Amino acid sequence: QVQLVESGGGLVQAGGSLRLSCAAPRIIFRFNTMGWYRQAPGKQRELVATITTGGSTNYADSVKGRFTISRDNAKNTVSLRMASLKPEDTSVYYCAAYTSGTNWPSYWGQGTQVTVSS
């Protein structure tokens, strides 16, 4: 069984910052693109950011310039640094891992709640 484990969620005021982390088994992390998704109540789960094994990144327009995804290949972790947070960022955030040849993640974390108050 593969488990991705997120941490770092919490309550923050608008304009504040938060950092999420995700730990993955090396066998998954080492060879695959990692990503972050989020899902707010009543909304579809949406892609936030991805990062390849080589460090190439992609961001949703809604978070571009505010969020930064990174990975530490030695520690098998991926992080999401969130700055200038807005109430609209309130969601459950999920860590995800892709397998080759797929555009939808094969592995997911349990999710961590991020709440931004106004």
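Quick look at the structure, then.

How each quantity is defined
Chains are numbered independently. Their residues run from 1 in the order of the written sequence. Side-chain atom pairs in this predicted model are given and counted only at pLDDT of 80 or more, local residue features only at pLDDT of at least 70, and totals for whole chains, interfaces and linings cover all residues. Side-chain metrics rest on all non-hydrogen atoms present in the structure, leaving aside hydrogens and water. Between any two strands, at least two bridges found by DSSP are needed for them to pair. Counting from the N terminus, the helices are the DSSP runs of H or I reaching at least four residues and the strands are the DSSP runs of E reaching at least two. By definition in these notes, contact holds between two residues if any of their heavy atoms fall within 4.5 Å. Orientation is described by lines fitted to C-alpha atoms, with helices fitted over the stretch in contact, and by angles between N-to-C directions that extend from 0 to 180 degrees. We call a pair of cysteine sulfur atoms a disulfide when they lie within 2.5 Å. Partly exposed residues are those whose accessible area sits between 20% and 50% of the maximum for their type, while under 20% is buried and over 50% is exposed, using a 1.4 Å probe and protein chains only. Throughout this description, a polar contact denotes any pair of N or O atoms lying within 3.5 Å of each other; where both atoms belong to protein, one of them has to be capable of donating a hydrogen while the other can accept it, and for residues adjacent in sequence the pair is counted only when both atoms sit in side chains. The salt bridge criterion pairs a side-chain nitrogen of Lys or Arg with a carboxyl oxygen of Asp or Glu, the two atoms within 4 Å. For this analysis, a ring pair means two rings from Phe, Tyr or Trp (six-membered ring only for Trp) whose centres lie within 6.5 Å, classed as stacked if their planes differ by under 30 degrees, edge-to-face if by over 60, and tilted for the remaining angles. The criterion for a charge sitting over a ring is simple: Lys NZ or Arg CZ within 6 Å of the ring centre, and within 35 degrees of the ring normal.

In terms of strand pairing, strand E3 (residues 18-23) meets strand E8 (residues 77-82) through six bridges, oriented antiparallel. Across the sheet, residue Cys 22 finds its bridge partner in E8, namely Val 78. Of the pairings in the sheet, the one linking strand E7 (residues 67-72) to E8 comprises six bridges and is antiparallel in character. In the strand pairing of E8, Asp 72 is matched with Thr 77. In sequence, E7 turns back onto E8 through a hairpin of four residues, with Asn 76 there showing a positive phi of about 60 degrees.

As a further point, take the environment of Cys 22. Structurally, the position occupied by Cys 22 is in strand E3. Contact partners of Cys 22, with chain neighbours within four places excluded, come to Leu 4, Val 5, Glu 6, Met 34, Trp 36, Asn 76, Thr 77, Val 78 and Cys 95.

On to the sheet that holds E3. Taking strand neighbours across the sheet as the criterion, the four strands line up as E1-E3-E8-E7 in an open arrangement whose pairing is antiparallel. Edge strands, defined here as strands with exactly one partner in the open sheet, are strand E1 (5-7) and E7. With strand direction ignored, the average angle separating the axes of adjacent strands in the sheet is 15 degrees. Bridge count for E1 against E3 is three bridges, and the pairing is antiparallel. Bridge assignment links Glu 6 to a residue of E3, and that residue is Cys 22.

The next subject is the state of the cysteines. Summed over all chains, the structure comprises one disulfide. Between the sulfur atoms of Cys 22 and its disulfide partner Cys 95 the distance amounts to 2.0 Å. As the torsion about the S-S bond is roughly -80 degrees, the Cys 22-Cys 95 disulfide counts as left-handed. In this pair, Cys 22 is assigned in strand E3 and Cys 95 in strand E9 (residues 91-97), connecting sequence segments 73 residues apart. Of the two residues, Cys 22 and Cys 95, neither departs from the other in class, the shared state being buried.

This next bit is on the environment of Tyr 59. Secondary-structure assignment places Tyr 59 in strand E6 (residues 57-59). Residues Tyr 59 and Leu 47, twelve residues apart in the sequence, show an inter-C-alpha distance of 7.9 Å. In contact with Tyr 59, other than residues within four places in its own chain, are Val 48, Ala 49, Lys 64, Phe 67, Thr 68 and Ile 69. Side-chain polar atoms of Tyr 59 contact the backbone nitrogen of Ile 69, separated by 2.9 Å.

Another aspect to go through is the pattern of salt bridges. Summed over the entire model, instances satisfying the criterion amount to four salt bridges. The salt bridge involving Lys 64 is made with Asp 61; its shortest N-O contact spans 3.3 Å. Asp 61 carries the same exposure label as Lys 64, and that label is exposed.

The final tally for this structure, using the stated rule, is four aromatic pairs. In textbook terms, an aromatic cluster arises when at least three aromatic residues are bridged by ring pairs, as seen for Tyr 37, Tyr 94, Trp 104 and Trp 108. Positioned above the aromatic ring of Tyr 94, the side-chain terminus of Arg 45 is 3.8 Å from the ring centre. One cation-aromatic arrangement involves Arg 71 over Phe 29; the distance from NZ or CZ to the ring centre is 4.2 Å.

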